[in-house]
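The lines below spell out each chain.
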Amino acid sequence: GIQVEQSPPDLILQEGANSTLRCNFSDSVNNLQWFHQNPWGQLINLFYIPSGTKQNGRLSATTVATERYSLLYISSSQTTDSGVYFCAVARNNAGNMLTFGGGTRLMVKP
Amino acid sequence: DAGVIQSPRHEVTEMGQEVTLRCKPISGHDYLFWYRQTMMRGLELLIYFNNNVPIDDSGMPEDRFSAKMPNASFSTLKIQPSEPRDSAVYFCASRQRQGANTEAFFGQGTRLTVV
């Protein structure tokens, strides 16, 4: 099956700092999503971004499908950004089942 | 829409007991997925349905696990008998539009503890 690798596995930031999270995948995909799992365990949709660039407030994401990677940018980080960020991908010929990466655990310190 | 609804939110049961987890997908969504999250294995797909029909159950760990979707608005994941290694958070997700690439939405999960 498709492999999804996220880096870095852990990240500690001071409030106000910027960061870039990376997601590499091993095959072509038709679907790519970024999620934030908050400290209560809830999986929150951030972006649906199989290609191109999107922005939502302090967050933005870019997927370069031809090079099989996606980046999530967090600017001016806040303590509420803490949690685990997951990248998940799917291939159309696989029923669009999402395969998740191992996640990046982010801690933002005040 | 209220989103994907799962129940119960927490379940504690004794080894050997039957456990039933429930999921109500978002209305109009064609696909329903069951995932399990553990520290060791991360988020892994157990089974998914398309229009109430099970399509791929290759992720179901063993025969003790079974899933059903009797109608478009309800699915269950059953473990019988339960074992301590089944302790995990179980998520249900749904997605719309058969054949199209749209985003999946997840429920809040059921945290299962088998003692």
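Residues numbered from 1 in each chain as written. Chains lettered and ligands numbered in written order. Predicted model: local features only at pLDDT ≥ 70, side-chain atom pairs only at ≥ 80, totals over all residues. Heavy atoms only, no water.

Peer 1: Where do I start with the packing of aromatic side chains in this structure?
Peer 2: For any pair of aromatic rings, the description rests on two quantities: the centre-to-centre distance and the angle between the ring planes. Across all of its chains, the model carries 11 aromatic pairs over all chains by this definition. Aromatic pair Phe86(A) and Phe100(A): ring centres 6.0 Å apart, planes at 80 degrees, arrangement edge-to-face. Here Phe100(A) lies in strand 10 (residues 99-100) and Phe86(A) lies in strand 9 (residues 83-90), a separation of 14 residues in the sequence. With respect to burial, Phe86(A) and Phe100(A) carry one shared label: buried. It is Arg22(A) that lies over the ring of Tyr69(A); its NZ or CZ is 4.2 Å from the centre. A cation over an aromatic ring shows up here: Arg95(B) above the ring of Tyr31(B), its NZ or CZ 4.1 Å from the ring centre. (Phe/Tyr/Trp six-rings, centres within 6.5 Å; stacked < 30°, edge-to-face > 60°. Helix = DSSP H or I, 4+ residues; strand = E, 2+ residues; numbered from the N terminus. Buried < 20%, exposed > 50% of the residue type's maximum accessible area, 1.4 Å probe, protein only. Lys NZ or Arg CZ within 6 Å of the ring centre and 35° of its normal.)

Peer 1: Can you walk me through the nonpolar core in this structure?
Peer 2: Core analysis: the biggest nonpolar cluster contains 22 residues, and Trp34(A), Leu72(A) and Val89(A) have the highest contact counts within it. Contributions of two or more residues to this core are made by strand 2 (10-14), strand 3 (19-25), strand 4 (31-37), strand 5 (43-48), strand 7 (59-64), strand 8 (69-74), strand 9 and strand 11 (104-109) of chain A. Excluding its chain neighbours within four sequence positions, the residues that come into contact with Val89(A) are Ile2(A), Val4(A), Phe25(A), Val29(A), Asn31(A), Leu32(A), Met97(A), Leu98(A) and Thr99(A). Counting residues in each nonpolar core, the second largest holds 21 residues, with Phe49(B), Ala67(B), Cys92(B) and Leu112(B) among its members. (Core = buried A, V, L, I, M, F, W, Y, C linked by side-chain atoms within 4.5 Å. Contact = heavy atoms within 4.5 Å.)

Peer 1: Teacher, can you tell me more about the environment of Leu71(A) here?
Peer 2: Residues and elements named next belong to chain A. Tracing the sequence through the fold places leucine 71 in strand 8. On the basis of relative accessibility, which here comes to 13%, the residue leucine 71 falls in the buried class. Separated by 48 residues in sequence, leucine 71 and cysteine 23 place their C-alpha atoms 6.2 Å apart. Excluding anything up to four places from it in sequence, leucine 71 contacts Thr20, Leu21, Arg22, Trp34, Ser60, Ala61 and Thr62.

Peer 1: Would you mind going over the pairing of strand 6 (residues 52-56) of chain A with me for this structure?
Peer 2: Two faces make up the sheet, and in a regular strand the side chains alternate between them. Residues and elements named next belong to chain A. The buried fraction of strand 6 amounts to 0 of the 5 residues, a small share that puts the element mostly on the outside. Here strand 6 runs beside strand 7; their pairing, made up of 5 bridges, is antiparallel. Pairing of threonine 53 across the sheet is with threonine 62, part of strand 7. Connecting the antiparallel pair strand 6 and strand 7 is a turn made up of 2 residues, with glycine 57 showing a positive phi of about 65 degrees. (Pairing = 2+ DSSP bridges.)

Peer 1: Sorry, what's going on with the state of the cysteines here?
Peer 2: Simply put, disulfide is the name for a covalent bond between the sulfur atoms of two cysteines. Inspection of the entire model under this criterion finds 2 disulfides over all chains. For Cys23(A), the disulfide goes to Cys87(A), at an S-S distance of 2.0 Å. Disulfide Cys23(A)-Cys87(A): the torsion about the S-S bond is -60 degrees, which places it as left-handed. With Cys23(A) in strand 3 and Cys87(A) in strand 9, this pair connects stretches of sequence that are 64 residues apart. Overall, the relative accessible area of 0% leaves Cys87(A) in the buried class. The side chain of Cys23(B) participates in a disulfide bridge whose partner is Cys92(B); the two sulfur atoms lie 1.9 Å from each other. With the S-S bond torsion at -70 degrees, the cross-link from Cys23(B) to Cys92(B) turns out left-handed. Remark: Cys92(B) occurs in strand 9 (residues 88-95) and Cys23(B) occurs in strand 3 (residues 19-24); sequence separation between them is 69 residues. Classification of Cys92(B) by relative accessible area gives buried; the value is 0%. (Disulfide = S-S within 2.5 Å.)

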